[in-house]
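A closer look at the structure
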Amino acid sequence: MKKLIAANWKMNKTVDDAISTIKELKVLLKDHQEADVLICPPYTSLMAAGSEMKGSIIKLGAQNMHHEESGAFTGEISALMLKNASCEYVLIGHSERREFFNEDNEFLNKKMHAALKHGLKPILCIGETLDQRQKNETEDVLETQLLACLRDVTEIEKVTIAYEPVWAISRGNTNTKPATKNDAEAAHLFIREILKGIYDEAKAKKVRILYGGSMKPENAKELLEMPNINGGLVGNASLSAKSFFEIIKSAR
Ligand code: PGA
């Protein structure tokens, strides 16, 4: 399975910054096809980033969306609008959305359905907090999040899962440690087992499960070599074209 290396720029970069990073990355990526590459910039840069990516292997995604198509939802953006702005992917349920914007599994399930309805490929983010891990609740949390967010979702072949242990997400602090490759692999394997239960073995095998949380050039290779880690969702280390490119190269 070809790996997917996705950049989550969060609330970073003006339009000009986004364009210059993409320009730099395009030069670095010339002659490189080892992984699928995705960038999720802030909404304001989607259109410009999309045009800059044209003709390259870089794909465009959004960081969030609302489940309604249109209406009185001040400040929100719909799947229809994202599709029309050339997005192929959309992140759903990032832990920062869950924590700071109170998005719960039921609400995220509506977004999953709306994304798929409009032909977007959702990347569903799941993961446990430090407190949940310390209480040995990791598997329960992952199972609950998967079952609720994927409720009545049939097109699993269009879905990507991102396992992002909340305690490993850097939030700009470069000293944060990722999960060990064995802990990450165990979680990914567990996620695949749950997918087998909801769908079937053949379908579950084809779902890309990305790891996210302090992935950087120094640790990407060992994580990406694990059998059930099919790519990465990269925050901080994706802001620089050079370090993001180093991670992409580790995905051979
Ligand atoms: P990080 O963020 O790579 O900075 O830890 C990952 C994410 O939140 O998606």
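These lines cover the structure that appears in this document, whether it is placed above or below. These figures come from a predicted structure and were not determined experimentally.

With six of six residues buried, strand E1 (residues 3–8) is to be regarded as a mostly interior element. Of the two faces of E1, the one lined by Lys-3, Ile-5 and Ala-7 and the one lined by Leu-4, Ala-6 and Asn-8 are each fully buried. Sheet topology places E1 next to strand E2 (residues 35–40); six bridges connect them, and they run parallel. Counted as the bridge partner of Asn-8 is Cys-40 from E2. Taken together, E1, helix H1 (residues 15–29) and E2 form a β-α-β motif whose crossover is right-handed. One ladder, built from four bridges, connects E1 with strand E8 (residues 231–234); its direction is parallel. Each bridged residue has a counterpart across the sheet, and for Ala-7 the counterpart in E8 is Val-234.

Another aspect to go through is the pattern of salt bridges. If charged atoms from side chains of opposite charge come close, those side chains can pair. Throughout the structure, instances matching the rule amount to 21 salt bridges. Among the ionic pairs, Glu-88 bridges to Lys-121, the shortest N-O distance being 2.6 Å. A residue pair is termed long-range when its members are at least 10 positions apart, and Glu-88 in the loop between helix H3 (79–84) and strand E4 (89–92) and Lys-121 in strand E5 (residues 121–126) qualify at 33 residues. Take Lys-121: its relative accessible area is 29%, and that puts it in the partly exposed class.

Attention now moves to the site of the ligand. Around the ligand, the structure places 13 residues, and the nearest of them are Lys-10, His-94, Glu-164, Ser-170 and Ser-214. Asn-8 places a side-chain nitrogen or oxygen 3.4 Å from an oxygen atom of the ligand. At 2.7 Å, a backbone N or O of Ser-214 approaches an oxygen atom of the ligand. For the ligand, the accessible surface in isolation is 280 Å², of which the surrounding protein chains cover 99%. Put simply, the ligand lies in the second largest pocket. Classifying every residue of the shell around the ligand gives four nonpolar, seven polar and two charged.

Parameters at a glance
- Residues numbered from 1 in each chain as written.
- Predicted model: local features only at pLDDT ≥ 70, side-chain atom pairs only at ≥ 80, totals over all residues.
- Heavy atoms only, no water.
- Buried < 20%, exposed > 50% of the residue type's maximum accessible area, 1.4 Å probe, protein only.
- Helix = DSSP H or I, 4+ residues; strand = E, 2+ residues; numbered from the N terminus.
- Pairing = 2+ DSSP bridges.
- Right-handed = clockwise from strand over helix to strand, strands pointing away.
- Salt bridge = Lys/Arg side-chain N within 4 Å of Asp/Glu carboxyl O.
- Near = heavy atom within 4 Å.
- Polar contact = N/O pair within 3.5 Å; in protein donor to acceptor, adjacent residues only side chain to side chain.
- Areas by Shrake-Rupley, 256 points an atom, 1.4 Å probe, with all protein chains shown as cover.
- 1 Å grid on protein atoms, 1.4 Å probe; cavity = no way out; pocket = protein on both sides within 12 Å on 5 of 7 lines; lining within 4 Å.
- Sits in = over half its atoms within 2 Å of the grid points.
- Nonpolar A, V, L, I, M, F, W, Y, C, P; charged D, E, K, R; others polar.

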